[in-house]
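Listed below are the residues making up each chain.
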Amino acid sequence: MLTIYSDSHRLQHGRSELIDGTLKPCFETPSRADMVLAAVRQRDLGDVVHPRRHGLEPILRVHDEGYVRFLETAWQRWSEMGRDYDALPKMWQIRRLREAVPEYVEGQLCYYSMDCGTPITAGTWQAATASVDVALTGADRLIGGERAAFALTRPPGHHAARDYCGGYCFFNNAAIAAQALRDHGMHRVAVLDVDYHHGNGTQDIFYHRSDVLFLSIHGDPRTEYPFFLGFADEKGDGEGLGYNFNFPLAAGSCVSTWFFALDCALEQIARFGAEALVVSLGVDTFEGDPISRFQLGTPDFVTLGARLAALKLPTLFCLEGGYAVGPIGDNVVNVLAGFEARS
Ligand code: OKP
Ligand code: ZN
């Protein structure tokens, strides 16, 4: 399988994250992508190519223009004020506060962020746009007739909604790629999110649409991040009613429970008549993940890949989470190798 990769991911390197009451080094690090790339090479998954630039147009197909312009200018405006540290919001536009977009950069940072764990740095814009290009170059391959491609996207994307960042995500790589597939003649596209955390951003983007089916298997938001979305009764709205499926599972759920949910999701994808599949591939479902609580073992990821291959669809994998840095490469490549073995 072809891998698309860009070194620009390295430009996103947040300093710290608030964990258990103290600032700790960010879980979402450049070493994650390095480890995945190393495993791709070591296990001979296939060629590794650089992305082609696609510009802002495909991004603006799913993201709000004000939000995109904010991200483009945020670091410049933030550092002009003499700040040399990561831009993180300290307040949110919660109930009964003004809804207008603030003018000042710090107010905008609060307005366009979902949490305080998604640092904007000097290199964020470059890294995030390169990550989108990685996903779009993968989508190009599918449009060109290839069976599958692996977009080694970092920073990840699935928590980024139409007009906010969060959960280490700025642009929704998988959603932008799914939209590109639609725009290039694929009539029905399914996005399956297997990351431990609910793909609130992707759900937000496609919630009112029937041409893109969204499905997510994740830790129950009653106890897990992102808390405010990802419940089973969210089924889509308007035209999109019946085209959104959430499979929240209790934190600590066992492997067979997880695979049962996967089977339910795959059945819906087949019923939908998808012409292409985008997989938001987070491997933080791994038993050793430091911030998640499912129990998949490294060999289980081979099974996941094989089950996905059984759909017989052109498939684009976009990397999302996975924070057990040592095993992340094997876990990701196991999915891709399991897929290839059954293709
Ligand atoms: C991003 B992705 C843990 C804090 C977790 C945010 C998690 C973002 C996950 N104590 N904070 O879906 O893997
Ligand atoms: Zn996750």
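Calculation rules
- Residues numbered from 1 in each chain as written.
- Chains lettered and ligands numbered in written order.
- Predicted model: local features only at pLDDT ≥ 70, side-chain atom pairs only at ≥ 80, totals over all residues.
- Heavy atoms only, no water.
- Near = heavy atom within 4 Å.
- Polar contact = N/O pair within 3.5 Å; in protein donor to acceptor, adjacent residues only side chain to side chain.
- Nonpolar A, V, L, I, M, F, W, Y, C, P; charged D, E, K, R; others polar.
- Donors = N, O, S within 2.8 Å, 3.2 Å for Na, K, Ca; no water.
- Tetrahedral: all angles 85-135°; square planar, octahedral: opposite > 155°, others 65-115°.
- Helix = DSSP H or I, 4+ residues; strand = E, 2+ residues; numbered from the N terminus.
- Buried < 20%, exposed > 50% of the residue type's maximum accessible area, 1.4 Å probe, protein only.
- UniProt positions renumbered as here; feature names shortened; annotations may be inferred.
- Salt bridge = Lys/Arg side-chain N within 4 Å of Asp/Glu carboxyl O.

K.L.:
Explain the site of ligand 1 to me, please; I cannot follow it from the model alone.
P.N.:
Every residue lining ligand 1 is accounted for by His-158, His-159, Gly-167, Tyr-168, Asp-195, His-197, Tyr-225, Asp-284, Gly-321 and Tyr-323. Between ligand 1 and Asp-195 there is a distance of 3.0 Å, counted from an oxygen atom to a side-chain nitrogen or oxygen. Taken together, the residues of the shell around ligand 1 break down into 3 nonpolar, 5 polar and 2 charged.

K.L.:
I tried to follow the coordination of the zinc ion (ligand 2) on my own but got confused; where do I start?
P.N.:
Angles at a metal have ideal values that depend on geometry: 109.5 degrees with four tetrahedral donors, 90 or 180 degrees with six octahedral donors. For the zinc ion (ligand 2), the full set of protein donor atoms is Asp-195 (OD), Asp-195 (OD), His-197 (ND1) and Asp-284 (OD), and the range of their distances to it is 1.9 to 2.8 Å. Every donor counted, the 6 donor atoms about the zinc ion (ligand 2) form angles of 52 to 158° at the centre, which fits irregular coordination. For the zinc ion (ligand 2), the single-chain donor residues occur in sequence as D-x1-H-x86-D. Here the residue His-197 occupies a position in the loop between strand 6 (189-193) and helix 7 (200-206), and Asp-284 occupies one in the loop between strand 9 (276-281) and helix 9 (300-309), the gap between them amounting to 87 residues. By relative accessible area, which is 0% here, Asp-284 ends up buried.

K.L.:
So what exactly am I meant to see when it comes to the UniProt feature "domain: Histone deacetylase" (unreviewed entry) in the protein chain here?
P.N.:
Feature annotation in UniProt places "domain: Histone deacetylase" (unreviewed entry) on residues 28-336, given in this structure's numbering. In residues 28-336, helix accounts for 38% and strand for 12%; the two terminal C-alpha atoms are 21 Å from one another.

K.L.:
Would you mind going over the pattern of salt bridges with me for this structure?
P.N.:
If charged atoms from side chains of opposite charge come close, those side chains can pair. One pass over the structure, following the stated rule, counts 18 salt bridges. With its nearest N and O atoms 2.9 Å apart, the salt bridge here joins Arg-43 to Asp-330. You can see Arg-43 sitting in the loop between helix 1 (30-42) and strand 4 (48-49) and its partner Asp-330 sitting in helix 10 (residues 325-342), a full 287 residues away along the chain. When salt bridges that share partners are traced, they join Asp-7, Arg-10 and Asp-34 into one network.

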